[in-house]
Amino acid sequence: MSQVSANATEASSSGRPILQVKDVAVHFGGIIALDGVSFDVPEGAILGLIGPNGAGKTTLFNCLSRLYIPNSGDILFEGQTILNTVPYQIANLGIGRTFQNLALFATMSVLDNIMIGCHSRSKSDFLSNALRLPWVGREESMLQDIAWELIEYLQLGDHAYDPVGGLPFGIQKRVELARAIASKPKLLLLDEPAGGLNHDEVEELADTLRQIGHDRNITVLLVEHHMSLVMAVSDVVVAIDFGRKIGEGTPAEVQQNPEVIRAYLGTTD
Amino acid sequence: MTTSTLPDTEMKSGGAPRRANPADRLRVFGVSLPWIRRVSILIGLALALFLPFYMEGFGVFQLTQVLYLSIAVLGLNLLTGFTGQFSLGHSAFMAIGAYTAGIMMDQWEVPYYLTIVPAGIVCFAAGFLFGLPALRLEGLYLALATFALAVAAPQLLKYEHFEPFTGGVQGLDLLKPDSPIAFLSNDQWWYYFSLFFGVLLFIAAWNLVRGRTGRAMIAIRDNPIAASTMGINLSLYKSVTFGVSGIYCGVAGALSAIVVEFIAPESFTFIFAILLLIGMVIGGIASIPAAIIGGAFILYVPNFSEMAVDFFFGGDPASKALVWISFGAAMIIVVYIMPMGVAGFVKRNLRRLAR
C-alpha cells in the first residue's frame with residue numbers, strides 16, 4: 001500500500017481521499033447487487049474498478065452519480081455525503097461521468113454536445129437567453145473556447161459540426177469524454193471507456209487518461225473490463241465480485257491476489 | 001496529441017482555434033448558405049411588412065390570423081419540438097390568453113394593447129403550474145393529461161358560475177377602437193399590431209434555442225438521464241418550458257380575441273389543439289421559421305379544402321364532412337412528400353443543391 005500512496009501523492013497536492021465509498025449496499029428486491037463495498041479514491045489518482053460481469057460495478061457507478069440510492073452505507077465526496085444531493089447537482093459538486101453504452105445528445109453537433117458539458121459552469125437562464133443580454137454573448141464565447149480547446153485536444157475537429165448520432169462509435173466515445181471533461185470535474189467517473197474500441201483506440205485512450213489525470217488535475221474512477229488498460233493506467237485497483245470487494249492495491253498486487261484470480265477463473269486479460 | 005490545460009473561466013476569446021462550419025462554405029447557385037439564410041430572412045421581413053398593402057381587407061385579416069396561429073405553433077414547438085414534451089392541450093392555453101384579454105377589455109375596460117402582456121403572464125403561470133404535475137408523465141401519458149386539459153377548457157368556460165365573466169356559451173363580443181394611424185385601414189393596423197408581437201416572440205425564441213437554455217432543452221429531449229448528469233435541472237427546465245410555451249399561446253390567444261373581436265368556448269376545442277400539433281409537424285419539428293408555415297397551413301388549407309369542396313359539390317349540405325376529408329388528404333400528401341415537414345424538406349434540398 002505504500003506504493004499506492006506514493007503514486008497518489010505524486011499526482012496530487014494532498015493525497016487525501018477525494019471520494020470515500022463506505023459500506024455501500026444496494027438490493028434490487030431479493031437480489032443483492034452490492035453488499036457493503038468500501039474503498040477510498042485518493043485525490044489525483046486513477047483508480048480502476050474491476051470485476052466480472054454482474055459484479056456490481058455499474059450499480060456502484062450509478063450510486064455515485066445518484067441514479068440509484070444505496071440501501072445502506074454512505075458516499076463522501078470531499079468529506080461531504082452526496083446522498084442528499086439531487087442528481088442534477090452532482091455535476092455542480094465537480095463529479096463528471098461517461099456512460100457504458102453512450103448517452104450523447106444524438107441530434108446535436110459535437111460542438112453543442114461538448115458545450116452542454118459546460119452547463120454546470122455557466123448560468124444564463126430563460127430570460128437572459130431570450131433577451132440575449134450582453135453578458136450572455138460573452139458567456140457563450142467562453143463556452144465556445146472551452147469546447148474548441150477540447151475538440152482540438154481530443155482530435156474531434158473534423159466532426160465539430162456533425163450531428164453526433166451519425167458518427168463512428170470510437171469518435172462518439174471521445175465526444176462523451178470531452179463532454180465530461182468540459183464540466184471541469186474534480187472527479188471523473190468513466191464507465192467502460194474502452195468498451196467497443198479497437199486496439200489502437202485503446203492505446204490512445206490510455207494516453208489520454210494519463211494526460212487527463214496529470215495535466216488537468218482530474219481524479220479518475222475507471223470501471224473497465226479491459227484488463228491491460230486498467231493495469232496500465234491505474235494507480236490503485238479495486239476488484240469486486242458478487243457485490244463484495246475481493247481485492248485492493250496496486251495493479252501488480254491485485255494481479256497476484258488469489259481471490260481476484262479465482263473470480264476471473266485464472267484469466268487476467 | 002497535444003498537451004494543454006483546460007482554460008479557466010476567466011479566459012477571453014481567441015484562446016482555442018475555432019473552425020468554421022464546412023456547411024457554411026457550401027454554395028447554392030453561387031450563394032453561400034449563411035447568405036441564403038440572411039436573404040430569406042430579409043425577403044420574409046419585406047413580405048411581412050409590405051404584403052398588407054397589396055391585399056384586400058379579408059386577405060389582410062387572414063394574414064393576421066396566420067400571425068397569431070404561427071405564434072401558437074411556435075409555442076407548441078418550443079415545448080414539443082425542442083424539449084420533447086407532448087401536448088394535445090395547447091388550445092386551453094390559447095383559451096386562457098384569449099379570455100384574459102377578453103375579460104380585461106369587457107369587464108374592466110382595459111385598452112386592448114394593455115391586455116397582451118397580462119395574457120402572457122397569466123398563461124406563463126398556467127403553463128408552469130400545469131407543467132409541475134406533468135413532470136411525472138412522459139410521452140403518451142403526458143399527451144393524455146394535456147388532452148384532458150383541452151377537453152375540459154371549453155366546458156369550464158361554459159360553467160354557469162363563471163358566466164358573468166366569460167359570457168358562458170354565448171362568449172364575449174369585444175369592441176375595439178379604429179386604427180389610430182390614418183393611412184392604415186383597421187385590418188392593416190391589427191395586422192401590424194400582431195406583427196409587432198410576432199417579431200418580438202420569434203426573435204426571443206431564436207435567442208432562446210441557440211443559447212445555453214436551448215441546448216438544455218434539446219438535451220432533455222435527446223437524453224434526459226445524460227442531461228441530468230450534465231447538471232441540467234430537468235424539473236425546472238420542463239416546467240419553465242411549459243410556462244414559456246404558455247406565454248406564446250397566451251399572447252396568440254389574446255391577439256385572436258382582439259383581432260376577431262369575439263371569443264367563445266367553441267373556438268378552443270381539442271380539435272384546435274390538434275390543429276396546432278398538425279401545424280407544428282407540417283411546418284417542421286424543432287424549427288422556428290417552420291412555425292409560420294405551420295400557421296399558414298392550418299389557416300389556409302382548411303379554407304382551400306372548403307373552397308374545393310364547394311367548387312366540386314356545390315351547396316350540398318352533406319359536403320360539409322368532405323372538407324375534413326380533403327383536409328386530411330392534403331395532410332397525407334404533405335407528410336408523404338415532406339416527412340420532415342416543410343423546413344426539413346427545404347433544408348434537405350438546399351444541401352442536395354449545394355456544392
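Residues numbered from 1 in each chain as written. Chains lettered and ligands numbered in written order. Predicted model: local features only at pLDDT ≥ 70, side-chain atom pairs only at ≥ 80, totals over all residues.

**Concerning the overall build of chain B**
Scanning chain B from N- to C-terminus turns up 14 helices and four strands. Against the compact-globule benchmark of 20 Å for 355 residues, chain B has a radius of gyration of 22 Å, which places it among compact chains. Relative to its 355 residues, chain B shows a buried fraction of 46%. Restricting the contact set of chain B to residue pairs at least 6 apart, pairs at least 24 apart contribute 75%. (Helix = DSSP H or I, 4+ residues; strand = E, 2+ residues; numbered from the N terminus. Rg over C-alpha atoms; globule rule 2.2 N^0.38 Å. Buried ≥ 20, exposed ≤ 12 C-beta atoms within 10 Å, placed from the backbone. Contact = placed C-beta atoms within 7 Å.)

**Some points on the nonpolar core**
Here is a general trend for soluble globular proteins: nonpolar side chains tend to be buried in one another's company. Judged by nonpolar contacts, the single largest core of 180 residues is most densely connected at A:Ile151, B:Ala72 and B:Val251. Taken domain by domain, the makeup of this core includes at least three residues from each of domain 1 (1-94 + 185-269) and domain 2 (98-177) of chain A. (Core = buried A, V, L, I, M, F, W, Y, C linked by C-beta atoms within 7 Å. Domains from an automatic or database assignment.)

**Some points on the interface of chain A and chain B**
Between chain A and chain B, the residue contacts involve 49 residues of the former and 41 residues of the latter. Listed by contribution, the elements that provide at least two residues to the side of chain A that touches chain B are helix H3 (90-93), helix H4 (110-117), helix H5 (126-131), helix H6 (134-153) and helix H8 (199-215) of chain A. Among the elements that take part in the side of chain A that touches chain B, H6(A) stands out by supplying eleven residues, more than any other. Its residues assigned to classes, the side of chain A that touches chain B shows 21 nonpolar, 15 polar and 13 charged. (Nonpolar A, V, L, I, M, F, W, Y, C, P; charged D, E, K, R; others polar.)

**Remarks on the confidence of the model for chain A**
For chain A, the average pLDDT comes to 87, and 93% of its residues sit at 70 or higher. For residues 1-14 of chain A, every residue scores under 50 in pLDDT, and the model assigns this stretch 23 contacts once sequence neighbours within four places are set aside. (pLDDT = per-residue confidence, 0-100.)

**Some words on the sheet that holds strand S5 (residues 80-81) of chain A**
Residue and element names in this part refer to chain A. Taken in spatial order, the four strands of this open sheet run S2-S1-S4-S5, and their pairing is antiparallel. Pairing within the sheet leaves two strands with one partner each, and these edge strands are strand S2 (31-42) and S5. Across nine bridges, strand S1 (residues 17-28) lies against S2 in antiparallel orientation. Bridging across to S2, Pro17 finds its partner in Pro42. (Pairing = 2+ DSSP bridges.)

**Topic: the domain arrangement of chain A**
Residue and element names in this part refer to chain A. Taken domain by domain, chain A comprises domain 1 (1-94 + 185-269) and domain 2 (98-177). Each of domain 1 and domain 2 has a C-alpha centre, and the two are 26 Å apart. Every contact between the two is made by eleven residues of domain 1 and, on the other side, eight residues of domain 2. Those elements that place two or more of their residues in the side of domain 1 that touches domain 2 are H3 and strand S7 (187-191). Tallied by class, the residues present in the side of domain 1 that touches domain 2 amount to four nonpolar, four polar and three charged.

**Some details on H6(A)**
Residues and elements named next belong to chain A. The end-to-end C-alpha separation of H6 is 29 Å, in line with the 28 Å expected for 20 residues at 1.5 Å each. Of the residues making up H6, those classed as buried are Val136, Glu139, Met142, Leu143, Asp145, Ile146, Ala147, Trp148, Glu149, Leu150, Ile151 and Tyr153. For H6, the secondary structure elements touched by its buried residues are H4, H5 and helix H7 (169-182). Directly after H6, the chain includes Gln155, whose backbone phi takes a positive value near 55 degrees. (Expected span 1.5 Å × (residues − 1).)

**As for the sheet that holds strand S3 (residues 46-50) of chain A**
All names here are of chain A. On the basis of which strands lie adjacent, the open sheet formed by six strands has the order S6-S7-S8-S3-S9-S10 and mixed pairing. Whereas interior strands pair on both sides, the edge strands pair on one side only; in this sheet they are strand S6 (95-97) and strand S10 (244-249). Within this sheet the neighbouring strands show an average axis-to-axis angle of 20 degrees, counted without direction. Direction of pairing for S7 relative to strand S8 (residues 219-223): parallel, over a ladder of five bridges. Within S8, the position partnered with Asp191 by the bridge is Val223. Contacts from helix H2 (residues 57-64) reach S3, S7, S8 and strand S9 (236-241), with the element oriented near 145 degrees to S7. Sheet strands in contact with H8 are S3, S7 and S8, and its direction is about 150 degrees off that of S8. (Axes fitted to C-alpha atoms, helices over the stretch in contact; angles between N-to-C directions.)

**A short note on the packing of helix H11 (residues 270-283) of chain B against helix H12 (residues 290-313) of chain B**
All names here are of chain B. Close contact between H11 and H12 brings their axes to 7 Å; oriented N to C, the two are set at 130 degrees. Between H11 and H12, the interaxial angle falls into the category oblique. As for the relative orientation of H11 and H12, their crossing is right-handed in sense. The residues of H12 that touch H11, namely those facing Leu275, Ile278, Gly279, Met280, Ile282 and Gly283, are Ala290, Ala291, Ile293, Gly294, Gly295, Phe297 and Ile298. Split by residue class, the contact of H11 with H12 holds nine nonpolar, four polar and no charged. (Parallel < 35°, antiparallel > 145°, perpendicular 65-115°, else oblique. Left-handed = near helix turned anticlockwise from the far one by under 90°.)

**With respect to the environment of B:Asp222**
Summarising the element assignment, B:Asp222 is placed in helix H8 (residues 212-222). As a C-alpha pair, B:Asp222 and B:Phe61 span 161 residues in sequence and 39 Å in three-dimensional space. Once residues lying within four places of it in the same chain are set aside, the contact partners of B:Asp222 are A:Phe105, A:Ala106, A:Thr107 and A:Met108.

**A word on the environment of A:Gln144**
Residues and elements named next belong to chain A. Topologically, Gln144 is positioned in helix H6. With 19 C-beta atoms counted inside 10 Å, the residue Gln144 sits in the partly exposed group. C-alpha of Gln144 to C-alpha of Asp112: the two residues are 32 residues apart in sequence and 9.0 Å apart in space.

**A few points about the environment of A:Val110**
Residues and elements named next belong to chain A. Along the chain, Val110 turns up in helix H4. According to the C-beta neighbour criterion, Val110 is buried, with 28 such atoms within 10 Å. Put simply, Val110 and Gly79 are 31 residues apart on the chain and 35 Å apart in space, counted from C-alpha to C-alpha. The residues contacting Val110, other than those within four sequence positions of it, are Ile151, Leu156, His159, Ala160, Asp162, Val164 and Val175.

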